[in-house]
Amino acid sequence: MKHNNFSFLVGEGTKAIFKHGFMSFAAVCITVACLVIVTSFGLITYNIGLIVDDLQKENEVLICIDESYTEAEAKSVGSRINLIDNVADARFISREEALQTFVKEYDAVMYDGVTAETMRDQYIVTLEDNSKLQETIDALKQVPGVATIYSDPTVANAMSTIRNVLSIVSACIAAVLLIVSLIIISNTIKLAMFDRREEIAIMRMVGATNGFIRLPFVVEGFILGLLGAVCSFFLEWGLYEAIRGAIASSGQLSFLHVVSFSTVALPVALVCVVTGLLIGVVGSLMSIRKFLKV
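Thresholds, definitions, all that
Residues numbered from 1 in each chain as written. Predicted model: local features only at pLDDT ≥ 70, side-chain atom pairs only at ≥ 80, totals over all residues. Heavy atoms only, no water. Helix = DSSP H or I, 4+ residues; strand = E, 2+ residues; numbered from the N terminus. Buried < 20%, exposed > 50% of the residue type's maximum accessible area, 1.4 Å probe, protein only. Contact = heavy atoms within 4.5 Å. Areas by Shrake-Rupley, 256 points an atom, 1.4 Å probe, with all protein chains shown as cover. Pairing = 2+ DSSP bridges. Axes fitted to C-alpha atoms, helices over the stretch in contact; angles between N-to-C directions. Salt bridge = Lys/Arg side-chain N within 4 Å of Asp/Glu carboxyl O. Patch = residues over 30% accessible without salt bridge, like charges linked within 9 Å, V, L, I, M, F, W, Y side chains within 5 Å. pLDDT = per-residue confidence, 0-100. Expected span 1.5 Å × (residues − 1). Arc of directions from axis to C-beta. Core = buried A, V, L, I, M, F, W, Y, C linked by side-chain atoms within 4.5 Å. Polar contact = N/O pair within 3.5 Å; in protein donor to acceptor, adjacent residues only side chain to side chain.

1. Observations regarding the overall build of the protein
Alright, step 1. Within the protein, the secondary structure is distributed over ten helices and four strands.
Alright, step 2. The buried share among the 294 residues of the protein stands at 37%.
Alright, step 3. A separation threshold of at least 6 residues defines the contact pool for the protein, and within that pool the share at least 24 residues apart is 82%.
Alright, step 4. When the accessible surface of the protein is split by element, carbon and sulfur atoms take 65% of a total near 16700 Å².

Listed below in structure tokens is the structure:
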């Protein structure tokens, strides 16, 4: 008997979707649009985060060793540098290598007469977290043998700022769009309930529980949310791969590394399904509260 009641209520919820076809279609479309925008911003933030990480690895600190140090002594300084917190790697550059780099970057007139003895042994240091650049530089200055440190904290701060701003913007846009989706689906369910207000009143008079009355509308919201989630996932997949292909084939943007959709497919699917169902079910529960208070 309970199974028959449950099947009846699920069937009623499914029928309501087709009965209010236009509003159901509008609700699904709005949900799809919101989820695509939310997941798109999330994927943009994720890829930019990876690009920022790559750029941070290139934002290196150059350390010049005291010119009175021999090469063996300069190499021993590296072990102390690597012990400092936030130092990911310290690559040794000998005087000869420093001279070769200098020759490649500047005209012959500028390096005429310059010898390896004129140069200094150097270290190129990569940091784990560029937001801690200044603290790391202060620690490096305390290492015996370190003469001069060259770095650009502006670049490191700009990278961290870009990441933080994108995260905040994505979160704000996601919140706004989720609210819009909730309102649209809630209004769709309200229309269905308004058409059945007399039937709901009769059910309440004969002793129907709130759960019995609520279930068809929750089912309707569930199905609408699920349809929106599935459609948004495949639409996002197509759009993402199209944009990724365009970036890869573009000579000017080929330096941007965009991960394949298969890498992020599972989290995107989870976000779409969970968010879609949340929008549908919560939207239904929001709309039915008013009618069940009577």
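2. A look at the sheet that holds strand β1 (residues 61-65)
Across a sheet, paired strands are connected by hydrogen bonds in the backbone, their directions being either parallel or antiparallel.
Alright, step 1. Overall, antiparallel pairing links the four strands, which are arranged β2-β3-β1-β4 in an open sheet. Both outer strands of the open sheet, β2 (87-93) and β4 (146-150), are each paired with one neighbouring strand and no more. Neighbour to neighbour, the strand axes of the sheet diverge by 25° on average, direction disregarded.
Alright, step 2. Pairing analysis gives six bridges linking β2 to strand β3 (residues 122-127), with the strands arranged antiparallel. Looking across to β3, one finds that I93 is bridged to Q122.
Alright, step 3. Lying on the sheet, helix α3 (residues 71-82) is in contact with β1, β2, β3 and β4; it crosses β2 at an angle near 175°.
Alright, step 4. Sitting on the sheet, helix α6 (residues 133-141) touches β1, β2, β3 and β4, and the angle it makes with β4 is about 160°.

3. Side note on the pattern of salt bridges
Alright, step 1. In total, this model carries three salt bridges according to the counting rule given.
Alright, step 2. The partner of K75 in a salt bridge is E71, with the nearest N and O atoms 3.5 Å apart. In this pair, K75 and E71 are both assigned in helix α3, four residues apart and thus about one turn of the helix distant.
Alright, step 3. Accessibility expressed as a relative area gives 45% for K75, which makes it partly exposed.
Alright, step 4. The shortest N-O distance in the salt bridge between R244 and E241 comes to 3.3 Å. Within this pair, R244 and its partner E241 are both found in helix α9 (residues 210-249), separated by three residues, close to a single helical turn.

4. What to know about a nonpolar patch on the surface
Alright, step 1. Residues F222, L226, V230, F234, W237 and V273 make up a contiguous nonpolar surface patch of roughly 520 Å² in combined accessible area.
Alright, step 2. Taking the relative accessible area as the measure of exposure, F222 reaches 37% and is therefore partly exposed.

5. Let's talk about the confidence of the model for the protein
Alright, step 1. Mean pLDDT for the protein: 77, with 75% of residues reaching 70 or above.
Alright, step 2. Per-element confidence in the protein is highest for α3, whose mean pLDDT is 87, and lowest for helix α5 (residues 108-111), whose mean pLDDT is 52.

6. A few points about α3
Alright, step 1. Its twelve residues place the ends of α3 17 Å apart at the C-alpha level, agreeing with the 16 Å of an ideal helix rising 1.5 Å per residue.
Alright, step 2. Residues of α3 that are buried include every one of A74, V77, G78 and I81, and no others. The arc that holds the buried residues of α3, viewed along the axis, is 110°, so those residues lie on one side.
Alright, step 3. Residues of α3 that are buried make contact with β1, β2, β3, α6 and β4.

7. Notes on the nonpolar core
In summary, soluble globular proteins display a tendency toward joint burial of nonpolar side chains.
Alright, step 1. If you look at the biggest cluster of nonpolar residues, it comprises 19 residues, and the most contacted ones within it are V61, I63, I81, Y123 and V125.
Alright, step 2. Sorting the residues of this core by element identifies β1, α3, β2, β3, α6 and β4 as the ones contributing at least two each.
Alright, step 3. Excluding residues within four positions of it along the chain, V125 makes contact with E60, V61, I63, I81, V87, D89 and A90.
Alright, step 4. In terms of nonpolar packing, the next biggest core, distinct from the first, is built from 13 residues, F233, Y240, V258 and V268 among them.

8. Considering the environment of N210
Alright, step 1. Mapped onto the elements of the fold, N210 is located in helix α9.
Alright, step 2. Classification of N210 by relative accessible area gives partly exposed; the value is 33%.
Alright, step 3. On a C-alpha basis, the gap between N210 and R289 in space is 9.7 Å, while along the polypeptide they are 79 residues apart.

9. Overview of α6
One turn of an α-helix holds 3.6 residues; hence residues three or four places apart share an orientation.
Alright, step 1. Where α6 is concerned, the buried positions are L133, T136, I137 and L140. When α6 is viewed along its axis, its buried side chains cluster within an angular range of 100° and face the same direction.

10. Notes on the side chain of N86
Alright, step 1. Structurally, N86 can be placed in the loop between α3 and β2.
Alright, step 2. Only 2.9 Å separates the side chain of N86 from the side chain of T136, close enough to count as a polar contact.
Alright, step 3. Setting aside anything within four residues of it in sequence, one finds N86 in contact with T126, L127, E128, D129, K132 and T136.

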